[in-house]
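Structural features, examined
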Amino acid sequence: MPTKPSTVADLRKAGTISSLEIVAAVDAYMRDANAGPYCFNSGHSIDLAAAVAASPVVSQLQGQSGPQDRAFRTAVTALAMLVCPTPL
């Protein structure tokens, strides 16, 4: 039986990707949503802009100020954990 692709959360649990790298990926996206895929030290990359665009719930929070900005960051972080990164 083929194994399913690992998510960022799976790779974090295995110690392949660190929590600090996940925070850095979210920070990079929050600074510039058009920056492109984020590359982890492990050789994996994720495209948070594509993940946000594919999630109607998360994308609805984008661009709102105040408490919604925090909610958006939290949603992006949760979404990042669910993404299946691409090995480089």
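First, a word on scope: everything that follows refers to the structure included in this document. (Residues numbered from 1 in each chain as written. Predicted model: local features only at pLDDT ≥ 70, side-chain atom pairs only at ≥ 80, totals over all residues. Heavy atoms only, no water.)

Quick look at the sheet that holds strand β1 (residues 38–39)
- Spatially, β1-β2-β3 is the arrangement adopted by the three strands of the open sheet, whose pairing is antiparallel. The open sheet terminates on both sides in strands that have one partner only, identified here as β1 and β3 (86–87).
- Across two bridges, β1 lies against strand β2 (residues 44–46) in antiparallel orientation. If you follow Cys39 over to β2, its bridge partner there is Ser45. (Pairing = 2+ DSSP bridges. Helix = DSSP H or I, 4+ residues; strand = E, 2+ residues; numbered from the N terminus.)

Section: the side chain of His44
- Tracing the backbone shows His44 in strand β2.
- Classification of His44 as buried rests on a relative accessible area of 16%. (Buried < 20%, exposed > 50% of the residue type's maximum accessible area, 1.4 Å probe, protein only.)

A look at the environment of Thr77
- Following the sequence through the fold, Thr77 ends up in helix α5 (residues 67–82).
- Using a relative accessible area of 29% as the deciding quantity, one classes Thr77 as partly exposed.
- Sequence separation between Thr77 and Ala25 is 52 residues, and the spatial gap between their C-alpha atoms is 8.9 Å.

Remarks on the pattern of salt bridges
- Applying the stated criterion across every chain yields a total of one salt bridge.
- Put simply, Asp27 and Arg73 hold a salt bridge, and the shortest N to O gap is 2.3 Å. Placement of the pair is Asp27 in helix α2 (residues 19–31) and Arg73 in helix α5, with a sequence separation of 46 residues.
- Judged by relative accessible area, which is 25%, Asp27 ranks as partly exposed.
- Overall, the relative accessible area of 28% leaves Arg73 in the partly exposed class. (Salt bridge = Lys/Arg side-chain N within 4 Å of Asp/Glu carboxyl O.)

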